[in-house]
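Each chain, letter by letter, is given below.
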Amino acid sequence: MNTPKRVRVQALSERGTVSQLELFFDLVFVFALTRVTDLLADNTSAANVFRSVLVLAVLWWSWVGYSWLGNVARADEGIVKVAVFAAMGASFIIALALPEAFDDLPGGLSGPVVFAIGYFVVRAVHVSVFWIITTDEPRFRATVLRWLPSLAISTTLLLIASQTTGTVQTLLWVGALVADYLGTVLAGNGWILRSVTHFAERHGLIIIVALGESIVSIGIGVVSLPISWPIIIASLLGLAVSALMWWAYFDVTALAVEHELDKANGALQIKIARNSYTFAHLPMIVGVIGLSLGLKKVLSYVGDDTDHDLTDPLYGIPIFTLFGGVALYIAALVFFKWYAVRTIAVSRVITIVVLLALIPVAAALPALASLGLLTAVLAAMIAFETTRFAQLRDEIRHHEAH
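These figures come from a predicted structure and were not determined experimentally.

A. Representation of the overall build of the protein chain in the model. In terms of regular secondary structure, the protein chain is built from 16 helices and 0 strands. The C-alpha atoms of the protein chain give 22 Å as radius of gyration, which agrees with the globular expectation for 402 residues (21 Å, within 12%). Projected onto its principal axes, the C-alpha coordinates of the protein chain cover approximately 65 × 60 × 35 Å. Scored against the burial criterion, the 402 residues of the protein chain give a buried share of 54%. Across the protein chain, the 25 positively charged side chains and the 28 negatively charged ones have centroids separated by 12 Å.

Next up, the structure:
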């Protein structure tokens, strides 16, 4: 990487791992996810859920570019370090303005404008550093050039959206995200992936961040309430769901996909990185945030006996996000593995169908019972996979260990 000495860019080694600065960068994303969950909890209408998903998708694109950047050049060296800190600042402003991303609150600055400008800064810093570090990488630079129009379109549409309201505003947001996705595909496969270990670890850590938000939601739901047996039971069930989702990703699936990514070369490797990681991890995050909303509501139901009692069912959007969020997470995991390994996890497809079919049933049960039902379905899936594919599981984990 032959960049000017003053920028001191250091290429990531083939077996480079995630730096401490990248972990520090993720703390802003933790805060942003918390804000999204709060935004959902304040208004559980379908329109607000859709808008919250759009906000989450924008946050994802703010984060994911730096996962690629940190894989090309060390995030804790030279100009890249400065860029990461600059992006952290802009991302934090985005998170602060998140509740006003669509509707401006009285007083102060225009929330939608601040959000849109913050997003522009995050993306502009990212692409500027990419341009600097591709001086002696003509194929990489050509890919960045092909990608630039989508960046310009998406940020421009968000800026225009900040001056509109209602359906038009929502459609402009959708257009911005479509531009990001299509632009990434049309840019081609000339990106650089220096360290498979770093890339897989980076995305695994962001899944942990999201699952951590689901655990935080359990505590936030009852933080001001006296401890009780229903709270203890609901909290343990919620924690079990998060743990089972962790198991579904990390026990075998993540290892198998990382192994295939490591074996692949050239355009195939970039396609796996883009489709299995950059694209497929967003619905995983969306699914976990949906779970977080459901857990938060369940805990408020079982812990607050002034507005609810233990026989009250969870209904509407919260019960849908509780079961549907987990179903979406598993569906993204199925695609994540299928694209890289080309095998379909039938047990997981069946689990998705079961979870969706159980939503009407769960809506008629007490909130605590519906959470128990969700836990039982996930536990059955994991138990089946662990016993049925014990030999294959051991081979994958043994291979990774050596």
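Anyway, onward from the coordinates.
B. Region of interest: a nonpolar patch on the surface. On the surface, a cluster of nonpolar side chains totalling about 720 Å² of accessible area is made up of I215, I227, W229, I232, I233, L236 and L239. Element by element, the count of residues in the nonpolar patch is highest for helix α8 (residues 229-250), at 5 residues. The topology assignment puts I232 in helix α8. On the basis of relative accessibility, which here comes to 31%, the residue I232 falls in the partly exposed class.

C. Fine view of unusual backbone geometry. For R342, which is not a glycine, the phi torsion comes out positive at approximately 65 degrees. Looking at the element boundaries, R342 is found in the loop between α12 (317-341) and α13 (346-357).

D. View of empty space enclosed by the protein. Under the criterion given, the structure shown has 4 cavities of 30 Å³ or more. By volume, the largest cavity amounts to about 160 Å³. In terms of lining, the largest cavity is formed by W61, V64, G65, W68, R123, H126, F130, W147, T184, W191, R274 and T278. Contributing elements (two or more residues each) for the lining of the largest cavity: α2 (46-72), α4 (111-133) and α10 (266-279). If one sorts the elements of the lining of the largest cavity by residue count, α2 sits on top with 4 residues. A class-by-class count of the residues in the lining of the largest cavity yields 6 nonpolar, 4 polar and 2 charged. Empty space within the second largest cavity amounts to approximately 80 Å³. Of all elements in the fold, only α1 (20-42), α2 and α3 (78-97) reach the threshold of two or more residues within the lining of the second largest cavity. Tallying contributions element by element places α1 first for the lining of the second largest cavity, with 4 residues. Within the lining of the second largest cavity, the residues separate by chemical class into 7 nonpolar, 2 polar and no charged.

E. View of the environment of P226. Considering the arrangement of structural elements, one finds P226 in the loop between α7 (196-222) and α8. Judged by its relative accessible area of 64%, P226 is exposed. The spacing of P226 and A47 is 179 residues in sequence and 34 Å in space, taken between C-alpha atoms.

F. Examining helix α5 (residues 138-161) more closely. The terminal C-alpha atoms of α5, which comprises 24 residues, lie 35 Å apart, in line with the 34 Å expected from a rise of 1.5 Å per residue. Residue W147 marks the point of greatest curvature in α5, where the axis turns by about 30 degrees; the proline P149 follows within four residues. The inward-facing, buried residues of α5 abut α2, α4 and α6 (166-186).

G. Region of the structure containing the packing of aromatic side chains. As enumerated under the stated definition, the model contains 25 aromatic pairs in all. Summarising the aromatic geometry, the rings of F29 and W63 are spaced 6.2 Å apart at their centres and angled 40 degrees between planes, so their arrangement reads as tilted. On the criterion of sequence distance, the pair formed by F29 in helix α1 and W63 in helix α2 is long-range, its members being 34 residues apart. Here F335 and W338 contribute two aromatic rings whose centre-to-centre distance is 5.9 Å and whose plane-to-plane angle is 40 degrees, an arrangement assigned as tilted. Residue F335 and its partner W338 are located together in helix α12, separated by 3 residues, close to a single helical turn. Classification of F335 as partly exposed rests on a relative accessible area of 34%.

H. Molecular detail of the layout of surface pockets. Roughly 380 Å³ of volume is contained in the largest pocket. Every residue lining the largest pocket is counted, 21 residues in all, and those nearest its centre are V252, K337, R348, E385 and F389. Contributing elements (two or more residues each) for the lining of the largest pocket: α8, α12, α13, α15 (367-388) and α16 (390-401). Looking at the lining of the largest pocket, its residues break down into 12 nonpolar, 4 polar and 5 charged. Each pocket or cavity is described by its volume, and for the second largest pocket that value is around 250 Å³. In this structure, the second largest pocket is lined by 17 residues; those nearest its centre are V49, V53, V286, G290 and T321.

I. Structural view of α3. Helix length check: α3, at 20 residues, gives a terminal C-alpha distance of 30 Å against a target of 28 Å (1.5 Å per residue), a fit within 8%. Of the positions making up α3, those classed as buried are G78, V80, A83, V84, A87, M88, A90, S91, I94, A95 and A97. Contact partners of the buried residues in α3: α1, α2 and α4.

J. The packing of α8 against α12, seen in detail. Interhelical geometry of α8 versus α12 gives an angle of 10 degrees and a closest axis separation of 10 Å. Taken together, the axes of α8 and α12 are roughly parallel relative to one another. Of the residues in α12, those touching α8 at M245, W246, A248 and Y249 are V326, Y329, L333 and F336. The class makeup of the residues in the contact of α8 with α12 is 8 nonpolar, no polar and no charged.

Cut-offs and rules
- Residues numbered from 1 in each chain as written.
- Predicted model: local features only at pLDDT ≥ 70, side-chain atom pairs only at ≥ 80, totals over all residues.
- Heavy atoms only, no water.
- Helix = DSSP H or I, 4+ residues; strand = E, 2+ residues; numbered from the N terminus.
- Rg over C-alpha atoms; globule rule 2.2 N^0.38 Å.
- Buried < 20%, exposed > 50% of the residue type's maximum accessible area, 1.4 Å probe, protein only.
- Lys, Arg positive; Asp, Glu negative; His and termini not counted.
- Charge placed at Lys NZ, Arg CZ, Asp CG, Glu CD.
- Patch = residues over 30% accessible without salt bridge, like charges linked within 9 Å, V, L, I, M, F, W, Y side chains within 5 Å.
- Areas by Shrake-Rupley, 256 points an atom, 1.4 Å probe, with all protein chains shown as cover.
- Salt bridge = Lys/Arg side-chain N within 4 Å of Asp/Glu carboxyl O.
- 1 Å grid on protein atoms, 1.4 Å probe; cavity = no way out; pocket = protein on both sides within 12 Å on 5 of 7 lines; lining within 4 Å.
- Points joined across faces, edges and corners; volume = space filled by probe spheres on them.
- Nonpolar A, V, L, I, M, F, W, Y, C, P; charged D, E, K, R; others polar.
- Expected span 1.5 Å × (residues − 1).
- Bend = angle between axes of the 7 residues up to and from the residue.
- Contact = heavy atoms within 4.5 Å.
- Phe/Tyr/Trp six-rings, centres within 6.5 Å; stacked < 30°, edge-to-face > 60°.
- Axes fitted to C-alpha atoms, helices over the stretch in contact; angles between N-to-C directions.
- Parallel < 35°, antiparallel > 145°, perpendicular 65-115°, else oblique.

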